[in-house]
Amino acid sequence: MRSLTAEEYAEAFKSFLDHSTEHQCMDEFNKEEMPNIVAGLGNGKSTINVLGVGSGTGEQDLKMIRIMQAAHPGVLIDNEIIEPNPQHVAAYKELVNQAPDLQNVSFLWHQLTSLEYEQQVKEKGAHKKFDFIHMIQMLYRVEDIPNAIKFFHSCLDHHGKLLIIILSDSSGWASLWKKYRHCLPSTDSGHYITSNGITDVLKRLGVEYHVYEFPSGWDITECFIEGDPVGGRMMDFLTGTKNFLGTAPPGLRRQLQEALCQPECSSQKDGRIIFSNNLSMIVVES
């Protein structure tokens, strides 16, 4: 058994997105809450500075940027992106090239991890301030989560906002990580962090924040079909392991499949097994 490479992770992640309502859940949040959240950004300045941390392929970034454009017509948006995965950066750039409606938006990519970016900023000694920073579903890959939150919060300008999207404690992931951690292989290199872990950090920092909860599901039915290639990729995503179903000891595989079916992790709907993927959107004030 071995961990996924960056390329394999990107492929496994795509199978997760294709079978989950993760992006639809974020769209709900964008529609219901984002216009109010971004309304006061920039405080009347002619440019709004935005930083995406771990932005992936950029779909969510561009949706949020369009909401900012609608809320602040004519204002320039200076958008910087931190993303270490070269495949993701290339896909993001392609998305921007195909978009006809981003004339007043500038893009600058830093192909770095969040820690490398932090080190670079500290070495330069110059600290650019941002009106809006977002960290969407990326803290699982960060070594020192409290420090990362503290650093990026320090990058906010007056009246700036930091958006952290993370798995909710009501999600199946939270149960899996707390109660069934012994069913997960050591090759899983991600950190098991959920919303409560983040709000604990924010309380210690003494900052003001608001949490929005949105339901989301992931159809994992194929994970239980012997030899199904889609199910195989989804199990690879779930465990952070290459070909988990083919290389894991049968006992571990069975334990994990049993854990996934537990009511605190999944529910049955029309004969399908839907794993709870509920998200918490945490908006932190500067």
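Rules used throughout
Per chain, residue numbering runs from 1 following the sequence as it is written. Only residues with pLDDT of 70 or above have their local features reported here, since the model is predicted, and side-chain atom pairs are shown and tallied only from 80 upward, although totals for entire chains, interfaces and linings are computed over all residues. Each side-chain value is worked out from all heavy atoms of the structure, with water and hydrogens disregarded. UniProt positions are given in the numbering used here, feature names are shortened, and annotations may be inferred rather than shown by experiment. Numbering of helices and strands runs from the N terminus, with a helix taken as a DSSP run of H or I at least four residues long and a strand as a DSSP run of E at least two residues long. Between any two strands, at least two bridges found by DSSP are needed for them to pair. Interaxial angle, 0 to 180 degrees, is taken between N-to-C directions of lines fitted to C-alpha atoms, where a helix line uses only the stretch in contact. Should any heavy atoms of two residues lie within 4.5 Å, those residues are counted as being in contact. Residue exposure (1.4 Å probe, protein chains only): buried if accessible area is under 20% of the type maximum, exposed if over 50%, otherwise partly exposed. Handedness is read with the strands pointing away from the viewer; a crossover is right-handed when the path from the first strand over the helix to the second is clockwise. Only the six-membered ring of Trp is used, alongside the rings of Phe and Tyr, when aromatic pairs are assigned; centres must lie within 6.5 Å, and planes under 30 degrees apart are stacked while those over 60 apart are edge-to-face, with the rest tilted. Each angle receives one of four descriptions, namely roughly parallel if under 35 degrees, roughly antiparallel if over 145, roughly perpendicular if within 65 to 115, and oblique otherwise. Helix crossings get a hand from a simple test, with the near helix turned counterclockwise from the far one by less than a right angle marking a left-handed crossing and a clockwise turn marking a right-handed one.

As annotated in an unreviewed UniProt entry, the chain carries the name HNMTL methyltransferase and comes from Buteo japonicus. UniProt annotates the chain under Subunit (unreviewed entry) with the comment "Monomer."

Caption draft 1: Molecular detail of unusual backbone geometry. Here N43, not a glycine, exhibits a phi torsion of approximately 50°, which is positive. Locating N43 in the fold gives a position in the loop between helix 3 (34-39) and strand 1 (47-53). Look at D270: it is not a glycine, yet its phi comes out positive at around 50°. In this fold, D270 is placed in the loop between strand 8 (266-269) and strand 9 (272-276).

Caption draft 2: Main features of the sheet that holds strand 1. Within the open sheet, the 7 strands sit side by side as 3-2-1-4-5-10-6. Their pairing is mixed. Only two strands of the sheet have a single neighbouring strand rather than two, namely strand 3 (105-110) and strand 6 (209-214). The mean inter-strand angle of the sheet, taken between neighbouring strand axes irrespective of direction, is 15°. In this sheet, strand 4 (residues 130-136) lies alongside strand 1 in parallel orientation, the contact comprising 4 bridges. Looking at the pairing, G52 lines up with H134 of strand 4. Against the sheet, helix 6 (residues 114-124) touches strand 1, strand 2 (76-82), strand 3 and strand 4, its axis set at about 115° to strand 2.

Caption draft 3: Quick look at the pairing of strand 1. Taking burial as the measure, the 7 residues of strand 1 include 6 buried ones, the bulk of the element. Both strand 1 and strand 2 contribute to a ladder of 7 bridges, which runs parallel. The partner of I48 across the bridge, within strand 2, is I77. Between the parallel elements strand 1 and strand 2, the chain passes through helix 4 (residues 59-71) in a crossover that is right-handed.

Caption draft 4: Quick peek at the UniProt feature "binding site: substrate" (unreviewed entry) in the chain. Under the feature "binding site: substrate" (unreviewed entry), the UniProt entry names E22 and N277. Spanning 256 residues, the named residues form one tight spatial group whose C-alpha atoms are at most 7.3 Å apart. Here E22 is to be found in helix 2 (residues 22-32). By relative accessible area, which is 3% here, E22 ends up buried. Contacts of E22, omitting those with residues within four sequence positions, involve F16, L17, Q137, S216, N277 and L279.

Caption draft 5: Here's a closer look at the packing of aromatic side chains. Counted according to the given criterion, the structure contains 22 aromatic pairs. Ring plane angle 85° and centroid distance 5.3 Å describe the contact between W173 and F275, whose orientation is recorded as edge-to-face. Within this pair, whereas W173 is found in helix 8 (residues 172-179), its partner F275 is found in strand 9, the two being separated by 102 residues in sequence. Aromatic pair W218 and F275: ring centres 5.9 Å apart, planes at 85°, arrangement edge-to-face.

Caption draft 6: Geometry of the packing of helix 2 against helix 4. Running from N to C, helix 2 and helix 4 cross one another at 15°; their axes reach a closest spacing of 11 Å. Relative to helix 4, the element helix 2 is oriented roughly parallel. In this structure, the crossing between helix 2 and helix 4 has a hand that is right-handed. Contacts between helix 2 and helix 4 involve H23, M26, D27 and N30 on the former and, on the latter, Q60, K63, M64 and I67.

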